[in-house]
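# Structural overview
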Number of protein chains: 2
Amino acid sequence: MSEILYNRVALIGLGLIAGSMSLAMRRAGVVGEITGYARSPETRDTAREINLVDRVCDTAADAVKDADLIVLAVPVGAMGAVMAEIAPALKAGALVTDVGSVKKSIFEAVTPLLPHDVSFVGTHPMAGTEHSGPRAGFAELFDGRWCLIVPPDSANEADVVALERFWRALGATTERMDMDHHDLVCAVVSHTPHLIAYTMVGVADDLSRVTDQEVIKFSAAGFRDFTRIAASDPTMWRDVFLENKDATLEILGRFTEELFALQRAIRQGDGEHLYDYFTRTRTIRRGIIEAGQDTDAPDFGRAKKTE
Amino acid sequence: MSEILYNRVALIGLGLIAGSMSLAMRRAGVVGEITGYARSPETRDTAREINLVDRVCDTAADAVKDADLIVLAVPVGAMGAVMAEIAPALKAGALVTDVGSVKKSIFEAVTPLLPHDVSFVGTHPMAGTEHSGPRAGFAELFDGRWCLIVPPDSANEADVVALERFWRALGATTERMDMDHHDLVCAVVSHTPHLIAYTMVGVADDLSRVTDQEVIKFSAAGFRDFTRIAASDPTMWRDVFLENKDATLEILGRFTEELFALQRAIRQGDGEHLYDYFTRTRTIRRGIIEAGQDTDAPDFGRAKKTE
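Owing to the predicted nature of the structure, the values given are computational and were not obtained by experimental measurement.

### Examining the interface of chain B and chain A
With 108 residues of chain B in contact, the opposing surface of chain A contributes 110 residues. Across the chain B to chain A interface the summed buried area is about 10600 Å²; carbon plus sulfur atoms make up 67%. Across the contact surface, chain B and chain A share 3 salt bridges. The partner of B:Lys217 in a salt bridge is A:Glu175, with the nearest N and O atoms 2.6 Å apart. Within the residue set of the side of chain B that touches chain A, elements represented by two or more residues are strand 8 (146-150), helix 7 (179-206), helix 8 (212-217), helix 9 (223-229), helix 10 (234-243), helix 11 (245-268) and helix 12 (271-290) of chain B. No other element matches the 21 residues that helix 7 of chain B contributes to the side of chain B that touches chain A.

What follows is the structure, encoded as structure tokens:
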């Protein structure tokens with residue numbers, strides 16, 4: 001029998017992440033009641049229709065009433081406004097957390113609004129798909145994925161430990177990280193790659209000499225993987241870039257530098273530079289497969305290899 | 001019963017593409033005998049050991065002797081040298097083709113060396129995985145994939161039609177394309193995306209403040225898809241960039257322009273620009289899914305959704 005970790009959990013925002021959390025909490029049986037709120041009436045209706053949480057509330061304040069854990073699962077730029085809305089309704093001793101992809105700016109937006117008897121610890125479940133909305137969630141989303149736990153310096157160790165147990169119950173592997181380092185690491189492994197994918201897809205779409213039809217038809221040649229990344233939720237990503245501005249711009253600067261060096265090698269016919277670079281990047285892929293972070297199946301297993 | 005399309009096919013180069021062609025030819029039963037040659041003795045030994053082709057020859061000239069169709073399946077930069085080697089051994093009336101990712105420079109390297117009684121038609125099977133070598137091949141590689149047929153102006157229609165039938169028998173869907181347009185389309189959907197993926201992976205590897213360990217651990221956040229692309233064969237890709245220099249540099253120029261505009265939007269906090277851009281790229285992804293070029297399964301089906 002599972003132990004109840006929180007009697008009541010309130011999910012503010014009912015998109016892919018919150019929906020998956022609700023389904024994973026039910027699967028784990030570690031929560032008494034799950035309430036939920038979303039700003040859009042359509043999302044609330046959908047959540048009710050598919051029974052996504054135990055009780056969908058029509059205001060954020062109703063949803064957080066008596067909650068032990070409050071999860072802010074809204075776009076990064078909306079965290080402060082949501083916090084202001086729920087602050088007066090929070091019960092003493094509650095823990096507020098968020099699931100945003102940027103940690104420092106959320107901390108700065110949320111903590112000044114916290115009642116003195118409520119704590120905050122940020123988290124970042126590194127899981128997602130290119131789909132969004134209440135119908136996109138599934139209980140297995142976090143299985144085997146990382147959830148970074150980002151406690152502020154003032155955090156209470158008991159809160160942090162409880163949150164770690166909670167995320168592990170949802171299937172994730174947890175790791176603690178300092179908030180500045182978190183934002184830099186994510187700029188490298190996630191934010192900048194997303195921006196680049198968005199850019200490449202935009203370029204293809206702009207080229208009048210190559211038709212959209214051709215781009216779509218022949219996308220399997222590498223471009224397809226970019227389009228998946230570039231299909232992620234526009235609001236979420238707009239906020240990520242605006243809120244992780246410094247780290248993203250820094251990594252973009254490094255990226256441009258390297259790209260120009262490769263561009264120059266192409267222009268000058270410096271095959272050795274290209275070969276050495278491509279050999280080095282290949283070994284990184286091997287590391288990822290050895291670390292169990294991806295399948296070694298060709299083309300992600302899309303190519304059907306016979307037995 | 002299948003009709004024999006070519007009595008003897010010679011594969012020059014025994015990597016992923018040639019190996020898959022051999023297995024697909026056998027599956028289709030459309031070829032009498034398949035000979036093969038690879039420059040490296042190790043590759044020839046492996047090909048013999050796994051019975052990749054009907055007969056592995058120790059020289060390219062032996063392999064092409066009496067062949068009706070000769071497939072140049074070596075890196076783009078090696079096509080000219082291979083052509084020079086086999087030219088004296090080609091039989092009158094033979095058809096030479098290649099499977100390189102760049103078409104104009106191969107045409108320019110190969111055709112001046114052609115005997116007057118031998119024809120040339122380029123092809124580009126748009127299929128592959130991040131694996132390479134003789135053991136990487138599988139018969140289904142081309143199933144449902146595009147194979148672009150790029151005939152020179154001087155091509156004989158009967159040769160082109162025969163080659164189209166051949167590729168369709170191997171599972172591919174064929175389309176004819178003019179060589180300059182081919183090189184531009186591929187610069188957009190394949191070559192530039194690869195260069196960008198290589199660059200991003202190299203940047204991540206270079207950053208001393210973010211450890212390789214962290215990059216590998218948290219790669220699922222978007223970076224992983226880049227590493228797959230960036231794990232492709234270094235020799236092949238070096239040659240692609242050197243041989244499709246003009247189109248790649250042109251698309252890279254456009255890419256940099258767009259990237260700078262997005263970078264500026266981030267720096268200036270222009271959320272509307274970012275949101276509009278990301279919304280537009282999302283629709284392109286929908287087009288690709290509707291065109292049947294990719295799965296709609298979240299995260300390429302890596303996320304295990306329950307029934």
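Having put the structure on the table, let's press on.
### Brief notes about the domain arrangement of chain A
Residue and element names in this part refer to chain A. Assigned domains of chain A: these are domain 1 (6-177) and domain 2 (181-269). Each of domain 1 and domain 2 was reduced to a C-alpha centroid, and the two centroids are 29 Å apart. For the domain 1 and domain 2 pair, buried surface summed over both sides reaches about 1300 Å², with 66% attributable to carbon and sulfur atoms. Three residues stand out in domain 1 for area buried against domain 2, namely Ser 101, Glu 130 and Met 177, and they jointly supply 39% of the buried area on that side.

### Some points on the relation of the copies chain B and chain A
Between chain B and chain A, the superposition needs a rotation of 180° and an axial shift of 0.0 Å, giving an RMSD of 0.0 Å. Such a combination of rotation and displacement between the chain copies is what one expects of a two-fold axis. In terms of C-alpha distance to the rotation axis, chain B has B:Asp225 as its closest residue, with the C-alpha 3.2 Å off the axis. The fraction of interface residues of chain B whose copies in chain A are also interface residues reaches 100%, indicating that both copies meet through the same surface.

### Notes on the nonpolar core
A:Ile70 and B:Ile70 are the most contacted members of the largest nonpolar core, which totals 140 residues. Excluding its chain neighbours within four sequence positions, the residues that come into contact with A:Ile70 are A:Ala10, A:Ile12, A:Val64, A:Ile86, A:Leu90, A:Ala94, A:Leu95, A:Val96 and A:Thr97.

Parameters at a glance
- Residues numbered from 1 in each chain as written.
- Chains lettered and ligands numbered in written order.
- Predicted model: local features only at pLDDT ≥ 70, side-chain atom pairs only at ≥ 80, totals over all residues.
- Heavy atoms only, no water.
- Contact = heavy atoms within 4.5 Å.
- Buried area = accessible area lost by both parts, 1.4 Å probe.
- Salt bridge = Lys/Arg side-chain N within 4 Å of Asp/Glu carboxyl O.
- Helix = DSSP H or I, 4+ residues; strand = E, 2+ residues; numbered from the N terminus.
- Domains from an automatic or database assignment.
- Least-squares fit on C-alpha atoms with pLDDT ≥ 70 in both.
- Core = buried A, V, L, I, M, F, W, Y, C linked by side-chain atoms within 4.5 Å.
- Buried < 20%, exposed > 50% of the residue type's maximum accessible area, 1.4 Å probe, protein only.

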